[in-house]
Amino acid sequence: MFDPNRFLRLARAQWAEYWRTYAWFLGIGVIVHLVLLLVILSGSGGFRILTHDGQGAFYFTGLFLTAPLFAARYFQAMGRRESAGLLLMRPASVLEKWLLAFVVVAVFYPVAYSLAFQIGNAPATLLAEAAAAREAATAVAVDHGNAMHSLGSNDYRLFMPWGSFKTWSDAAQVLLFLTIFQAFAVLGSLYFRSFPALKTVVAAFVLMLFFILVDTVGGGQSQLFMGYWSSERELATWQQWFFPFAWFAIPGLLWLASLFALAEREVA
């Protein structure tokens, strides 16, 4: 079932084969981020976008866009018959292959993304902070010390993902929501034999429409569910136990389904 030494050999083989692919994926993201920052900073007053909250918006938008895409690409070799056979015949159990996928997708990528994000964000934040200081100094000189400014230098402090959560529940909500997207992408890449990316997107769209319909019929329960971790509203008894259970059960079941989908590929 699970052998630590065999798992480490599988991880080394995976890294030796795919580290360039991972580097290119992150590198393209860094380039897009740098271009976007250059466009922002080149405009008059564009630095105002790079406040602490603005940096957070860029970080989480990029994370939730790229993490499912990276997850969907992990088993992309399964879509080609010649490479699928080699991947399935690797000397490792299904559990070990699935566990490595979980570690790379759910653990490695968010950490790597957070580090890569700061390559462009850190220098851009310094430039934005300097521009804000110059504007503030000019305004004070013009107004003879009577200027009122809505933004201070502290508003342009460097955004750190782990420092942006006020409570553990905020972090839990983001991580659970993120892993739902990742697990769904991995499951789609394994379940669909042909055109997995397209079919996964279509399946996600259909599910979204279904949940909108259910939410409309159910009287807006999704808002209570989505805001469970931060809402202070009084919940019914069934909501108090069902909502936290569902938050953990949904990603858990999706990851478990991806394990079974990988096992079916091995058998086939």
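Before any of the text, the structure's been laid out above.
All values derive from a computational prediction rather than experimental measurement.

Draft legend 1. Region of interest: the overall build of the chain. Per the secondary structure count, the chain includes 8 helices and 0 strands. Ordering the α and β elements of the chain from the N terminus gives α-α-α-α-α-α-α-α. Relative to its full complement of 268 residues, the chain shows a buried share of 38%. Here the contacts in the chain between residues at least 6 apart in sequence split such that 76% fall between residues at least 24 apart.

Draft legend 2. The arrangement of the side chain of Gln55 in detail. Residue position: Gln55 is located in helix 2 (residues 52-74). From its side chain, Gln55 meets the backbone oxygen of Leu50 in a polar contact 3.2 Å long. Within the structure, Gln55 has its side chain in polar contact with the side chain of Thr125 (distance 3.1 Å). Sequence-distant contacts of Gln55, defined by excluding residues within four places in its chain, comprise Ile49, Leu50, Phe117, Asn121, Thr125, Tyr156, Arg157, Leu158 and Phe159.

Draft legend 3. Main features of the nonpolar core. Grouped together as the largest cluster of nonpolar side chains are 42 residues, with contacts concentrated most on Tyr74, Phe75 and Tyr109. In terms of residues, this core owes the most to one element, helix 4 (residues 94-142), which gives 11 residues. With residues up to four places along the chain from it excluded, the contact list for Phe75 reads Leu87, Lys97, Ala101, Val186, Ser189, Leu190 and Leu262. Core analysis: the second largest hydrophobic core is formed by 9 residues, Ile40, Leu50, Ala124 and Ala132 among them.

Rules used throughout
- Residues numbered from 1 in each chain as written.
- Predicted model: local features only at pLDDT ≥ 70, side-chain atom pairs only at ≥ 80, totals over all residues.
- Heavy atoms only, no water.
- Helix = DSSP H or I, 4+ residues; strand = E, 2+ residues; numbered from the N terminus.
- Buried < 20%, exposed > 50% of the residue type's maximum accessible area, 1.4 Å probe, protein only.
- Contact = heavy atoms within 4.5 Å.
- Polar contact = N/O pair within 3.5 Å; in protein donor to acceptor, adjacent residues only side chain to side chain.
- Core = buried A, V, L, I, M, F, W, Y, C linked by side-chain atoms within 4.5 Å.

Everything listed here is a matter of coordinates, which is why it stays silent on function.
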